[in-house]
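As a plain string of letters, each chain reads:
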Amino acid sequence: MTARAGRGESARFAAAHTLPALVRGFVSARPRAARGHAGPDRPRWSAATLRALRDRHGGAPVLVRGLTGTVLLILDPQDIRQFYAEPVGSLGRAAAGTDGCAHAGLRDERRAVDDSVLAAGLTVHPSCGAFLSVLADEARRLTAGGSLELARVRHSVARAARRIVLGDAAAEDAELGRWLGRFHERAGARIAAYADLAEPHTLIGRARRHAEPFCGPAGPDPVGQVRQWLAAFDLVPGVLLRTLLLLGAHPAEQDAVAAEARAAGWAQGAAQGALPRLRACVRESLRLYPAVPDLIRITRAETEWRGVRHPAGTCVVLPVLFHQRDPEHVPAAHVFVPGRWASRAADRDVRMAPFSHAGGRCPGEQLGLLVTAALCAEVLRGHRVRPVRPLLDPLGPLPAALDPQGIRLRLTRR
């Protein structure tokens, strides 16, 4: 028999989970309007609602009517593996902005470009040296003011993103970001111009070597590809600020990663970008505060979950934030413990999915970790980070949400 939520449960799910998830998409554009629906307590209410559904229905996937229709909720860890094991081709593309990895459902040739250009699976990108030079340059602007807040971080990361994706000639071109979403032809012409000038180490330079007609009608859509890469960099400021805030609340860990950063500064080659301890801190920050709280798929074929068949077109929701901070299945779920990522098994643990798993795993995972960890290293190599707001309790449970717009950090010379 299909587990189905009652009207009261569906109403609570819509109020505590679906509505805040929809509002989160407008937070950056309408922060005041979003404040009442996506505040720090909402994730806690959502988790309580999901836990109650799991307890009542014995952990089975539950059909719940939300604001956008009926969805099948994956609430027990034993079903998460099946979610990721489903071939990517049998799952529809997630709704816009819900997957966190824009390659899901893309054409094979575009995914092939991503895998090659982003060096999917390689811990250190082949262009690591050039990228680290760009990040060090932009980090000098980042640390110049003695404090860190979202506006300053966004500015520096956006400049670095344009230089890494399109080359140094694009560093000042803030206008391009607006064109990507509105003026396809105009953006395409400017991207083609940058591609002609781009250094070989840039993402677009690597893409042109992968497919010669990259910026022509016969190749992959360059505007869509560049928009995808730049959009991924948009996630970096929030992750960077949360990671530094957590390290500010844990001085011993901050000293340890600062030592790693200084050692990497003297290293040569791939060792400069490896930064395993800092990468673990970034992963732990994403476990506590995932960039994408829910993964959403639309099945293209009939699928069976715990003996119950569901038709093609079923919307399947994996509440990643709920599972990653589920104290019933994740040790120290609400505490900053970067050491948990020292084990290779942690990277395969389906309960924790900062970059998804299996065929849907983000091809930019390692590059994203390299960029974020390197920026953290540039800040911590010469500065100590102290939180101004919010102030976190290093021993108690961490807040359910951390809005990067509310984070302010003070930098002092080491």
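What this report covers is the structure whose coordinates are included nearby. (Residues numbered from 1 in each chain as written. Predicted model: local features only at pLDDT ≥ 70, side-chain atom pairs only at ≥ 80, totals over all residues. Heavy atoms only, no water.)

### Overview of the sheet that holds strand 1 (residues 3-4)
One open sheet holds the five strands; their spatial order is 1-2-3-8-5, and the pairing between them is mixed. This sheet does not close on itself; its edge strands, each paired only once, are strand 1 and strand 5 (294-298). Across five bridges, the pairing between strand 2 (residues 62-66) and strand 3 (residues 69-73) is antiparallel. If you follow Leu63 over to strand 3, its bridge partner there is Leu72. Where helix 4 (residues 77-85) meets the sheet, it contacts strand 5 and strand 8 (315-319), and its direction lies at approximately 125° from that of strand 8. (Pairing = 2+ DSSP bridges. Helix = DSSP H or I, 4+ residues; strand = E, 2+ residues; numbered from the N terminus. Contact = heavy atoms within 4.5 Å. Axes fitted to C-alpha atoms, helices over the stretch in contact; angles between N-to-C directions.)

### Here we look at the layout of surface pockets
Here the second largest pocket defines a volume of roughly 450 Å³. Contributing to the lining of the second largest pocket are 17 residues, with Pro276, Arg283, Trp341, Ala342 and Ser343 lying nearest its centre. Secondary structure elements with two or more residues in the lining of the second largest pocket: helix 15 (276-288), helix 17 (344-348) and helix 18 (365-382). (1 Å grid on protein atoms, 1.4 Å probe; cavity = no way out; pocket = protein on both sides within 12 Å on 5 of 7 lines; lining within 4 Å. Points joined across faces, edges and corners; volume = space filled by probe spheres on them.)

### Describing helix 8 (residues 175-182)
All of the buried residues along helix 8 are Leu176, Trp179 and Leu180. An end-on view of helix 8 places all buried positions within 110° of arc, on one side of the element. Among the exposed residues of helix 8, those oriented more than 90 degrees off its buried face are Gly181 and Arg182. Residues of helix 8 that are buried sit in contact with helix 7 (150-166), helix 9 (184-197) and helix 11 (222-233). (Buried < 20%, exposed > 50% of the residue type's maximum accessible area, 1.4 Å probe, protein only. Arc of directions from axis to C-beta.)

### A closer look at unusual backbone geometry
Cis geometry marks the peptide bond from Arg389 to Pro390, where omega comes out at -10°. Looking at the secondary structure, you find Pro390 in the loop between strand 9 (383-389) and strand 10 (408-413). One non-glycine residue, Arg306, lies in the positive phi region at around 50°. Locating Arg306 in the fold gives a position in the loop between strand 6 (303-305) and strand 7 (308-310). If you check the backbone angles, Ser356 has positive phi at about 70° while not being a glycine. Checked against the element boundaries, Ser356 lands in the loop between helix 17 and helix 18. We classify Ser356 as buried; its relative accessible area is 7%.

### Some thoughts on the nonpolar core
In terms of nonpolar packing, the biggest core is built from 71 residues, with Leu148, Leu166, Leu203, Val226, Trp229, Leu244 and Leu278 touching the most fellow members. Top element by residues in this core is helix 18. It accounts for ten residues. In this structure, Leu50, Leu53, Leu75 and Ile296 belong to the second largest nonpolar core, which totals 16 residues. (Core = buried A, V, L, I, M, F, W, Y, C linked by side-chain atoms within 4.5 Å.)

### Concerning the packing of helix 15 against helix 18
Contact geometry of helix 15 with helix 18 gives a least axis separation of 9 Å together with a crossing angle of 110°. Taken together, the axis directions place helix 15 and helix 18 in an arrangement best described as roughly perpendicular. Our pair here, helix 15 against helix 18, has a crossing hand that is right-handed. From helix 15, Leu278, Arg279, Val282 and Arg283 reach across to helix 18, where they touch Glu365, Gln366, Leu369, Leu370, Thr372, Ala373, Cys376, Ala377 and Leu380. Broken down by class, the residue content of the contact of helix 15 with helix 18 amounts to eight nonpolar, two polar and three charged. (Parallel < 35°, antiparallel > 145°, perpendicular 65-115°, else oblique. Left-handed = near helix turned anticlockwise from the far one by under 90°. Nonpolar A, V, L, I, M, F, W, Y, C, P; charged D, E, K, R; others polar.)

### What about the sheet that holds strand 4 (residues 147-148)?
Reading across from one edge, 4-10-9 is the order of the three strands in this open sheet, with antiparallel pairing throughout. On the outer flanks of this sheet lie strand 4 and strand 9, each paired with one strand and no other. As paired strands, strand 4 and strand 10 are joined by two bridges and run antiparallel to one another. Across the sheet, residue Ser147 finds its bridge partner in strand 10, namely Arg410.

### Regarding the packing of aromatic side chains
A complete count under the given rule lists one aromatic pair for this structure. Ring centres of Phe83 and Tyr84 lie 5.4 Å apart, and the angle between their planes is 90°; this geometry places the pair in the edge-to-face category. Across the pair, exposure class does not vary: Phe83 and Tyr84 are buried alike. Geometry around Trp179 places Arg186 over its ring, the cationic atom sitting 5.1 Å from the centre. (Phe/Tyr/Trp six-rings, centres within 6.5 Å; stacked < 30°, edge-to-face > 60°. Lys NZ or Arg CZ within 6 Å of the ring centre and 35° of its normal.)

### Re the pattern of salt bridges
When the charged atoms of two side chains lie near each other, side chains of opposite charge can form a pair. Under the criterion given, the structure shown has 30 salt bridges. In this structure, Arg283 engages Asp347 in a salt bridge whose closest nitrogen and oxygen atoms are separated by 3.4 Å. Taken together, the positions of Arg283 in helix 15 and Asp347 in helix 17 put the pair 64 residues apart, joining distant regions of the chain. The partly exposed category is assigned to Asp347, whose relative accessible area is 28%. Because the salt bridges share partners, they merge into one network encompassing Asp137, Glu138, Arg140, Arg141, Arg159, Arg163, Asp168 and Glu172. (Salt bridge = Lys/Arg side-chain N within 4 Å of Asp/Glu carboxyl O.)

### Overview of the side chain of Arg162
Tracing the backbone shows Arg162 in helix 7. Buried within the structure, Arg162 lacks any salt-bridge partner; its nearest side chain of opposite charge belongs to Glu172, at an N-O separation of 5.8 Å. Beyond its immediate stretch of four places on either side in the chain, Arg162 contacts Gly167, Ala170, Ala171, Glu172, Asp173, Ala174 and Leu230. (Lys, Arg positive; Asp, Glu negative; His and termini not counted.)

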